Amino acid sequence: MKKYSFRAFALILIIFSFAGAGFPSRAFGADAFTAMNISAGNSFTLIITDGGKVLAWGRNSEGQLGDGTKKTSFSSVEVKNLADVSSISAGGKFSMALKKNGTVWVWGDNTYGQLGDGTTEMKNSPVQVPGLSDVIAIDAGGAHALALKKDGTLWAWGQNSYAQLGNGTTEHSSSPVQMLGLANIKIKAIGAGEYNSYALTESGDVWAVGRYNDGELGNGAMRQDVGGFYESVPVQANISGVKDFSVGGQHVLALMNDLTVFQWGRNISPDPVKVTNLSKVKAIAAGGLHSLAIKQDGTLWAWGDNQSGQLGNGGYVKQDEPVQVKQSKSPETFFSKAAAIAGGWQHTIAIAGSGALWAWGDNHEGELGTKLESGYNSTYPVSIGSKAGTGGGTTGGGGTTGGGTSGGTGGSGGTSGGGTKGDCAKGSGKTGNIFQDVATSICEGPKDKTVTPRDKEKPWSGVGEDIYEKEGKKGGGGTGGSTGGGSTGGGSTSGGSGTGGTTSGGSTGGGSGTRGPAISAIKVAAGLGHTVALKKDGSVWAWGSNRYGMLGVGKDDLKLGKYQNYNFTSVPSKVINLTDVEDIAAGRYHTIALRKDGTVWTWGYNTFGQLGDGTNNDGNKPVKVKNLTQVKAIAAGDYFSLALKKDGTVWAWGINKESQLGTDAKITGDGSNVPVQVENISNAKAIAAGAATGFAILGDGSVWGWGYNRSGEIGNGEKLKNAQAPVQVKNVSNVGSIAVGESSSLALMKDGTVWGWGCSSVVTKCQFDPYQLDLSDLSNVAAVDAGGAHALILKDNGTVYAWGSGVSGQLGDGKHGWIGPGRTAHESEVLEKTQGLANIKAIACGLQHSLAIKQDGTIWAWGDNNSGQCGVDPVKPGLSTNDNDELKPVKVYGP
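About the criteria used
- Residues numbered from 1 in each chain as written.
- Predicted model: local features only at pLDDT ≥ 70, side-chain atom pairs only at ≥ 80, totals over all residues.
- Heavy atoms only, no water.
- Helix = DSSP H or I, 4+ residues; strand = E, 2+ residues; numbered from the N terminus.
- Buried < 20%, exposed > 50% of the residue type's maximum accessible area, 1.4 Å probe, protein only.
- Contact = heavy atoms within 4.5 Å.
- Areas by Shrake-Rupley, 256 points an atom, 1.4 Å probe, with all protein chains shown as cover.
- Core = buried A, V, L, I, M, F, W, Y, C linked by side-chain atoms within 4.5 Å.
- Pairing = 2+ DSSP bridges.
- Axes fitted to C-alpha atoms, helices over the stretch in contact; angles between N-to-C directions.
- Salt bridge = Lys/Arg side-chain N within 4 Å of Asp/Glu carboxyl O.

Undergrad: Which residues make up the overall build of the protein chain, and what values go with them?
TA: For the protein chain, the helix and strand inventory stands at four helices and 61 strands. For the protein chain, the residues scored as buried account for 65% of the 895 residues in total. Of all intrachain contacts in the protein chain linking residues separated by at least 6 positions in sequence, the fraction that spans at least 24 positions is 52%. Entry remark: accessible area of the protein chain is about 28400 Å², with carbon and sulfur atoms responsible for 46%.

Okay, here's the thing in structure tokens:
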């Protein structure tokens, strides 16, 4: 039973595009350009050249790159039929451009009418927003758009689920509507969040409208049940003296007149609070869940979420306070003379004072504008300042699908099969718009090297050059698979299924070769991107993401699927040197096993000491938790672990920044890398862990919780106030088990009813006292579990029900979407009818994937499969894309 601290929904938008900043980027060659404006969206990037044209790269699933296609690009493409552009903004899955004549042009996703053209049809090239002129500023939100006119009026269109259009309604609009309540207010700047809209006045005040579930309005309101969760007309934030501001997905940064920075919103506060240790700031930018600032001395600072290296400090650990962005690891140097920055969902773009363009963070879908030798992402800035030619290769010198990365200006060669490296100096082909570093290492193309074990600084060395872009390397193929050079060097034709069922060769064919029989298990557990199974013989098997070694398998023993390497695999591998296991649990990036002798063993991510072995070193092999015996139950949170001993005491280890260890008196620093006893708990019968919240069920049926409580997930009637030591959950007794979701908790009572509290899509409403969920006729519930923002129920007749978020298909109903939020638990037709999955005996939830075990022991999985965690080869290896989702349950096969 796990809870995850973010990613409730797949769509987060980014903002603030430095309109009119005029910061140049390095120019190369006769046809080179100068970057005048940058903007970063949800896995894609936009840039304006000095000629007024717009270039784009990254995700293009909804046509957001505007090149007339829906093809994702790791190099820049020119937005069609667009010139004389003065400002741009990249939103969730759509883009905006403001021309110098005051007209607004849009392209990409149009599900909610966010293109403003009166339709809801997707457009993969720009269209003009009709009836809108004299516009001086624009901004793109998650699925809504803003435009400020010269007369001072603010206009909005698109999604309006949380009244973010500010027109007093919650009805979506495919045409611009005027925002109310801002008459006679001189607006200086505008900003759009995922579900919010903002205006900065000339006097330095901030006005906000829309959702306030996470305190996004900055007026102190957060998750108030009475009156809903949004304001339909702008309200004033509790801040003044603001010089500039930037809006992220669900948080806001404000640059003050005294050059300090304040922030509010998700994971921060419903009231503006000062960013510590940060002064003399000249520019700011907010990303999805991370923040950026440039000081007057040109140094660049970052803080917040860092799971893809978007902070640029060489690591992946979240930072609560600003850290300086580094330029390189060895020798250690820092980014200096920064001129402009833009934050994407999990990537960052910057222009240096020299004019060079740099990018770092997530690169699953090419949002950094280049293919990385290191794989998925970069924790250090990489240069993307050159414009390369298309040459004779498929995408420039060398061809990205043949000989590897593109060459420099011009470029030649690069057949799509074997591929010869590009000629960076003398390219003769037609000049194109492709960003690449002109460094020698890039021009030479990738080396044909073997897959190497995980480098802590480059944990996703993955699917890029290592797997299918080696020069002339033939694809492995499975049974019936192609072995030719192919358009991706790994065989352009998918392999056959081999023996053992439709997934035995990988759902995308071949690669892993013939797969064995279906794996059989008695229990399953899931983390962010990995899955663990316990067999009847006491052995443990794991598959999916291996970013920090959480599969517990050394390089030589890891079983691989198609396009996979040491960092992720869809093929179950046996955890080495571990026997006689009777229970398993999975945290965000680590795994726990309880042996029959009462000892606990752990492996995976260990920065916060969550492995409990007395160190902070990650491990890909099980290590024994120190000073812990006679254990009868285990649980795993995001970055901490729990154990219940036979004497009824509860022990915890790992991070303690939110008091998730249940004691502050025994902790020095941010946590403990050895177990410490949770205060005031005895006679405990069961335990559970959320992202940063722990629970214990006592022998009398009462429940006690501790740790993070900002969404009311402890259930003690309070919110925002964390519990340093256990407090009793109100109104519940006779509890059988606890399941913790993203921002809420569920309790299965011994009478078969289900109770909930907190605030997320798995509960009916935000309520901080537990209440019984209305689950219609769902009586006789045998088990319940919660993932990031979805939940599963198992009835005693072996049927399964799902509700909550299904953005990755984790509801198993054959589609993306969600049921609820939490109003009724809906039967999954896929589980019971399409796939015939009756006779289920166990269930489990990961962040965005789900699992079930049948009475015959076979494992079935559905939902997010970007790392192969459903036991199926991803369709697009290494890409964070819905194309990899398994919308219907698939059977997991062995190696």
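Undergrad: Which residues make up the nonpolar core, and what are the values?
TA: If you look at the biggest cluster of nonpolar residues, it comprises 29 residues, and the most contacted ones within it are L642, V650 and I687. Excluding its chain neighbours within four sequence positions, the residues that come into contact with V650 are A643, L644, V676, Q677, V678, I681, A684, I687, A696 and W706. Counting residues in hydrophobic clusters, the runner-up holds 18 residues, among them L217, A221, I239 and V252.

Undergrad: How would you explain the pairing of strand β5 (residues 85-90) if you had to name every residue and give the values?
TA: Counting buried residues along β5, five of its six residues qualify, which places the element largely inside the surrounding structure. Connecting β5 to the antiparallel partner strand β6 (residues 94-99) that follows it, the hairpin turn spans three residues.

Undergrad: I'd like a rundown of the sheet that holds strand β22 (residues 290-295), residues and numbers included.
TA: Judged by pairing direction, the sheet is antiparallel, and its four strands sit side by side in the order β21-β22-β23-β24 without closing on themselves. With partners counted over all chains shown, the strands left at the sheet margins are β21 (281-286) and β24 (319-324), one partner each. The average undirected angle you get between the axes of adjacent strands in this sheet is 20°. Where β22 meets strand β23 (residues 300-304), five bridges bridge the pair, whose relative direction is antiparallel.

Undergrad: I'd love a proper account of unusual backbone geometry, names of residues and values included.
TA: Phi angles above zero are rare outside glycine, and D580 is one such case at about 55°. Looking at D580, the relative accessible area reads 39%, which means it is partly exposed. One non-glycine residue, N734, lies in positive phi territory at about 60°. Position of N734 relative to the elements: it lies in the loop between β48 (723-728) and β49 (735-740). For N734, a relative accessible area of 39% translates into the label partly exposed.

Undergrad: Explain the pattern of salt bridges to me, using residue names and the numbers behind them.
TA: According to the stated counting rule, one finds eleven salt bridges in the structure shown. A salt bridge links D580 to R595; the nearest nitrogen and oxygen atoms lie 3.9 Å apart. Taken together, the residues span a long stretch of sequence, with D580 in the loop between β36 (568-574) and β37 (581-586) and R595 in strand β38 (residues 590-595) at a distance of 15 residues. Between D638 and R588 there is a salt bridge; the shortest N-O distance is 3.8 Å. Remark: R588 occurs in the loop between β37 and β38 and D638 occurs in the loop between β41 (631-636) and β42 (640-645); sequence separation between them is 50 residues. Each of the two residues, D638 as well as R588, counts as buried. A cluster of three or more residues bridged by salt bridges with shared partners is formed by R211, D214 and E216.

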